[in-house]
Amino acid sequence: MANRDVTVMIEMERPVPKLGFGKPLILGTSAEGSSYKTYSDIASIAADYGKQTEEYKAAFALLNQGDDSPGEVAIYCRKLGTEMQPLEDSLNEIFREDWYFLIATTMVPEEVEAIAAAVEMDNSRQYFTRSDDMKVVESLKAKGYTRTTVLYHTNPASYPEAAWVGRAASSDVGSVTWKFKKLAGINPLEISGTGLKSIHDLSANTYVTKAGDPVTSEGKTLSGEYIDIIHAKDYVRSSIEQGIQQLLNSSQKIAYDDTGIAQLESVVRTVLQRAYKQGIIAEDEDGLPMYGTNFKTRAEVDASDRAERNYKEGQFWFDLAGAIHETTIRGQIRL
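Because the structure is predicted, anything quoted here is derived from the model rather than measured. Within any chain, residue numbers begin from 1 and follow the written order of that chain's sequence. Per-residue local features of the predicted model are confined to residues with pLDDT of at least 70, and side-chain atom pairs are confined, for both listing and counting, to 80 or more; whole-chain, interface and lining totals are unaffected and use all residues. Hydrogen atoms and water are omitted, and side-chain values are computed over all heavy atoms in the structure.

Enquirer: Would you take a moment to explain the overall build of the chain for this structure?
Expert: Of regular secondary structure, the chain possesses 10 helices and 10 strands. Over its C-alpha atoms the chain spans a radius of gyration of 22 Å, differing by no more than 12% from the 20 Å that the globule rule assigns to 335 residues. Think of it in three bands: residues with accessible area under 20% of the maximum for their type are buried, residues over 50% are exposed, and the middle band is partly exposed, with areas taken using a 1.4 Å probe on protein chains only. Classification of the 335 residues of the chain by burial places 45% in the buried group. Looking at the chain, you have 36 positive and 49 negative side-chain charges, and the mean spots of the two groups are 2 Å apart. Under the DSSP-based scheme used, a helix requires at least four consecutive residues in state H or I and a strand at least two consecutive residues in state E, with every element numbered from the N terminus. The atom set for the radius of gyration is the C-alpha atoms, and the globule formula is 2.2 Å times the number of residues raised to the power 0.38. Charged residues are defined here as Lys and Arg on the positive side and Asp and Glu on the negative side; His and the ends of the chain fall outside this count. For this purpose, a charge sits on NZ of Lys, CZ of Arg, CG of Asp or CD of Glu.

Enquirer: Looking at this structure, how should I read the sheet that holds strand β3 (residues 73–79)?
Expert: To summarise the sheet geometry, strands pair through backbone hydrogen bonds and adopt either a parallel or an antiparallel arrangement. Strand order across the open sheet formed by six strands is β2-β3-β1-β4-β5-β6, with mixed pairing between neighbours. Each edge of the open sheet carries a strand with a single partner, namely β2 (34–39) and β6 (148–152). With direction set aside, neighbouring strand axes in the sheet form an average angle of 25 degrees. One ladder, built from three bridges, connects strand β4 (residues 101–104) with strand β5 (residues 126–131); its direction is parallel. When the sheet's bridge partners are listed, F101 is paired in β5 with Q126. Sheet strands touched by helix α2 (residues 54–63): β1 (24–30) and β3. Its angle to β1, the strand with the most contacts, is close to 165 degrees. Two strands qualify as a pair provided DSSP detects at least 2 bridges between them. Fitting a line to C-alpha atoms yields each axis, with helices limited to the stretch in contact; the angle taken between N-to-C directions then spans 0 to 180 degrees. Any pair of residues with heavy atoms lying within 4.5 Å of one another is described as a contacting pair.

Enquirer: I would appreciate a short explanation of the packing of aromatic side chains in the present structure.
Expert: Here a ring pair, both rings aromatic, is described through the centre-centre distance and the interplanar angle of the planes. Pairing of aromatic side chains requires ring centres within 6.5 Å, counting the rings of Phe and Tyr and the six-membered ring of Trp. Pairs whose planes differ by under 30 degrees are stacked, by over 60 edge-to-face, and all others tilted. Scanning the entire structure with this criterion turns up 14 aromatic pairs. Chaining the aromatic ring pairs together yields one cluster made of F21, Y100, F101, F128, W164, W178 and Y235.

Enquirer: I'm lost on unusual backbone geometry in this one. Help?
Expert: The general pattern is negative phi for most residues beyond glycine and trans for most peptide bonds. A positive phi is found at Y159, a non-glycine position, where the angle reads about 55 degrees. Note that Y159 resides in the loop between β6 and α6 (160–168). Y159 gets classed as buried once you look at its relative accessible area, which sits at 0%. Phi is positive for F180, close to 70 degrees, though the residue is something other than glycine. Mapped onto the elements, F180 comes out in the loop between α6 and α7 (193–201). On the basis of relative accessibility, which here comes to 37%, the residue F180 falls in the partly exposed class.

Enquirer: I tried to follow the confidence of the model for the chain on my own but got confused; where do I start?
Expert: Every residue gets a pLDDT, meaning the predictor's confidence in that residue, from 0 to 100. On average, residues of the chain score 93 in pLDDT, and 96% of them reach the 70 mark or higher. Note that residues 14–19 has pLDDT below 50 and, in this model, eight contacts with residues that lie over four places away or in other chains.

Enquirer: Looking at this model, I keep getting lost on the pattern of salt bridges. Mind explaining?
Expert: Just to be clear on terms, a salt bridge is a Lys or Arg side-chain nitrogen sitting within 4 Å of an Asp or Glu carboxyl oxygen. All chains considered together, the criterion is met by 17 salt bridges. We note a salt bridge from E111 to R78, for which the minimum N-O separation is 3.1 Å. Highlighted residues: E111 in helix α4 (residues 109–122) and R78 in strand β3, separated in sequence by 33 residues. According to the relative accessible area criterion, E111 is partly exposed, its value standing at 22%.

Enquirer: Even after reading the chapter, I still don't get the side chain of R237, so can you show me in this structure?
Expert: Among the structural elements, R237 can be located in helix α8 (residues 227–250). In protein, a polar contact requires one atom able to donate a hydrogen and another able to accept it; more generally it is a pair of N or O atoms within 3.5 Å, and residues adjacent in sequence count only if both atoms are side-chain atoms. Here N123 takes part through its backbone oxygen, which lies 2.8 Å from a polar atom of the side chain of R237. Among the polar contacts made by the side chain of R237, one reaches the side chain of D234 at a distance of 3.3 Å.

Enquirer: Looking at this structure, how should I read the side chain of T105?
Expert: For T105, the location among the structural elements is in the loop between β4 and α4. Those residues in contact with T105, other than ones at most four positions away along the chain, are I26, L27, G28, T29, E54, E55, R130 and Y159.

Enquirer: Looking at this structure, I do not really get the environment of Y100. What am I missing?
Expert: In this structure, Y100 sits in the loop between α3 (87–94) and β4. Taking C-alpha positions, Y100 is 20 Å from D67, a pair spaced 33 residues apart along the chain.

Structure (structure tokens):
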């Protein structure tokens, strides 16, 4: 990632029982390879890759979601042939570029696992993959990846996971759940309740018909965490880091006094307020956003930190709004 002077850490406290945050990257392969390039329309991709390539098919699924489609898509191709580029080298290159959601054309289990492991280690993006093999899904599930999502489908050639990213990724972070999404160009599976449960037990997702509508069946990563929660956490962290870095860059000096500390806190609160308006942060019974900050004053900071010009005493918290995925409603008939 880019060099910076600001680090934000978020820990998830669970209750007892635009970096482009919607920008997808297609990781493909070709005989000559191709460097990272951003496209804003499918015609340009067809001109560079042709309509029969896997890269075009993935891009078409992404950009076929009507008004919900992303405004831009990036493609990078790993070189094959006698001088094949190692997958590890390709991954090192793409992590220097601007994207958030990764789609890969490969379905080779070893390559899928290598990509998932790399995204997990990077700890700032998400990887969506597809499979028609429950054994492969089971192997991925065993890794417990928080940043990899699997969409099980019997027609992986249609790139259902790319369609899913195309449908949901460009919405304001926090404004959507990834469950209940209709995907243009993707056929729903005809599957029993038992079959659906077996997919969900592996923390995978699929595309089924509910109440007459084809929709995505869940919205979880392989760890069982919800996709939108990972997205929201990354968004808040990155927004605070960027906001404070820009404050430092644009100021002659941020004084190490209560006024300077208040400037840092103001950036954090601005991000949290925006996150509330986008639907990331919940509101209480009085309609007030459930977030807060605690930045120690200069007098409360250790003298050694002041000497090092390092302010480490800023904290914030917020309650996630989450989403309703299931409901039970009871009624009575009176005679």
